[in-house]
Structure formats: structure tokens, C-alpha cells
Amino acid sequence: MLYLASQSPRRRELLGQIGEDHRILEVNVEEIRAPGEPADAYVSRVALDKARAGFARVMDEPGARVLGADTEVVLGGEVFGKPRDAADAVAMLGRLAGREHRVLSTVWLVEAGGERQAVSVSTVRFAPLSGRAIASYVATGECFGKAGAYAIQGAAAAFVEHLSGSYSGVMGLPLFETFQLLHGQ
Ligand SMILES: Cc1cn([C@H]2C[C@H](O)[C@@H](COP(=O)(O)OP(=O)(O)OP(=O)(O)O)O2)c(=O)[nH]c1=O
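Note that the structure is predicted; figures quoted are calculated from it, not measured.

This part covers the pattern of salt bridges. Between side chains of opposite charge, a pair can form when the charged atoms approach closely. This structure, assessed with the given rule, holds 12 salt bridges. The closest approach of N and O atoms between Asp49 and Arg45, which form a salt bridge, is 3.9 Å. Linking Asp49 with Arg45, this pair stays in helix 2 (residues 39-58), spanning 4 residues, or about one helical turn. Taking relative accessible area as the criterion, Asp49 reaches 29% and is therefore assigned partly exposed.

What follows concerns the UniProt feature "active site" (unreviewed entry) in the chain. Here the UniProt-annotated "active site" (unreviewed entry) positions come out as Asp70. The residue Asp70 is located in strand 3 (residues 65-75) in this model. The buried category is assigned to Asp70, whose relative accessible area is 2%. Setting aside residues no more than four positions away along its own chain, Asp70 makes contact with Arg11, Glu31, Val43, Val46, Ala47, Lys50, Leu104, Ser105 and Thr106.

Phi at Ala149 takes a positive value of approximately 65°, unusual for a residue other than glycine. Examined against the element boundaries, Ala149 turns out to sit in the loop between helix 4 (131-140) and strand 7 (160-164). On the basis of relative accessible area, Ala149 is assigned to the buried category, the value being 0%.

By the definition in use, this model includes 3 aromatic pairs. Each ring, one from Phe126 and one from Phe159, has its centre 5.9 Å from the other, and the planes form 65°; the classification is edge-to-face. Linking Phe126 in strand 6 (residues 114-126) with Phe159 in the loop between helix 4 and strand 7, this pair joins segments that are 33 residues apart in sequence. Judged by relative accessible area, which is 1%, Phe126 ranks as buried. With a relative accessible area of 10%, Phe159 lands in the buried category.

The rules behind each value
- Residues numbered from 1 in each chain as written.
- Predicted model: local features only at pLDDT ≥ 70, side-chain atom pairs only at ≥ 80, totals over all residues.
- Heavy atoms only, no water.
- Salt bridge = Lys/Arg side-chain N within 4 Å of Asp/Glu carboxyl O.
- Helix = DSSP H or I, 4+ residues; strand = E, 2+ residues; numbered from the N terminus.
- Buried < 20%, exposed > 50% of the residue type's maximum accessible area, 1.4 Å probe, protein only.
- UniProt positions renumbered as here; feature names shortened; annotations may be inferred.
- Contact = heavy atoms within 4.5 Å.
- Phe/Tyr/Trp six-rings, centres within 6.5 Å; stacked < 30°, edge-to-face > 60°.

This is the structure:
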């Protein structure tokens, strides 16, 4: 059986999109970046923590496989997770406006035979945004629970001038890479 260790409705939907039958494991993992921890190492560590926490719950089941994922928005040396509140969301979007940032999405597959990861790095360029546009976007509430305070699959699609990489990766689960992890060599 395949399990997805995630509370994210987007990830559940995305995994279903490629026809992967799965069950959900709700895990709670702390997402705290260690001082000086590189962004890619942080994203990978958190995704692995989620997959391992899930696997610990089903490891007695023969053939159990568990996916865990993490997505963060990276601008220079800064890592933007989910905004704490509206002011934090406004600040993040103000930093992202008119610039290019990276979205890192890492997926780990943990099973009795071992642990493997897949990494997706996308580059997203936002159009310049007025303070008013940011304020009205934040007021919709869409920004909450999303890394970088935006959802490419939602109204924030209107901010995205250019994307290079994986659309599903930006949304939270890179589907090509996940499929390779599950079925590739
Ligand atoms: C950039 C971006 C992020 N997101 C979401 C995907 C993730 O759910 C969230 C990043 O937070 P994560 O910590 O990666 O995931 P999560 O806490 O929502 O779920 P889990 O239980 O698996 O830990 O941001 C979008 O939905 N759209 C976007 O465009």
C-alpha cells in the first residue's frame, strides 16, 4: 500500500491526478530551519522527517511505502515558509513582487527496502505588484497555509509572469519526479 504522509489537500489531489491509489497519514513534523542550514538541505530534511514519521506508523504492514514532501519558496538566502499572519504575508509578497524566486519541492519515499528522494527546483517570476494588489490578495485568505504566501493554482496565477520547472512542484508535489520515484529504476 502507498501512503502519503501529508495534511495538504493539494498533495492528496495531485497524487490522485496521476492515478496513484493511496491512503493518507496525518503527521505533524516541526518545520524549523537550523541556523545557517542551506535551503535545499532544510527542505529535504523536513520532507524526510514527514515520510519517516508516517512510515513509523505503518512499518509492520508488508509492502508499505510512504511519501513525504516539503515545499519552500527561496529568495536569495531567505526561505519563505507559510506566513504567520496577514502582515507576514504582505511582507513576503512585497519581497517577491517584480523579482524571480525559486520554489524547492522535495519528495522522499520511505519503505522497508530503503529511502530515496526526488528534488524539483522551479523558477518563478512575479510581475511588479502594487501595495493595493497585495493587500486585496491577502484579504482573500488564499495566502495562508501556502509557502511564500501564494497559490499558483489560485488567484495568484495572475502574478506569475513566467515559470520554468514544475507546475505541480510549485503546488507542492512534483508529479513527474514522484512518478519516477515510485516506478523508475
Ligand atoms: C508556492 C505554493 C505553495 N503551495 C502550498 C503547498 C504546500 O501545501 C504548502 C507548503 O507547505 P508544506 O510545509 O510543504 O506542506 P503542508 O504543511 O501544507 O502539508 P504537509 O502536511 O504535507 O506538511 O504550500 C501551494 O499550494 N501553491 C503554491 O503556489
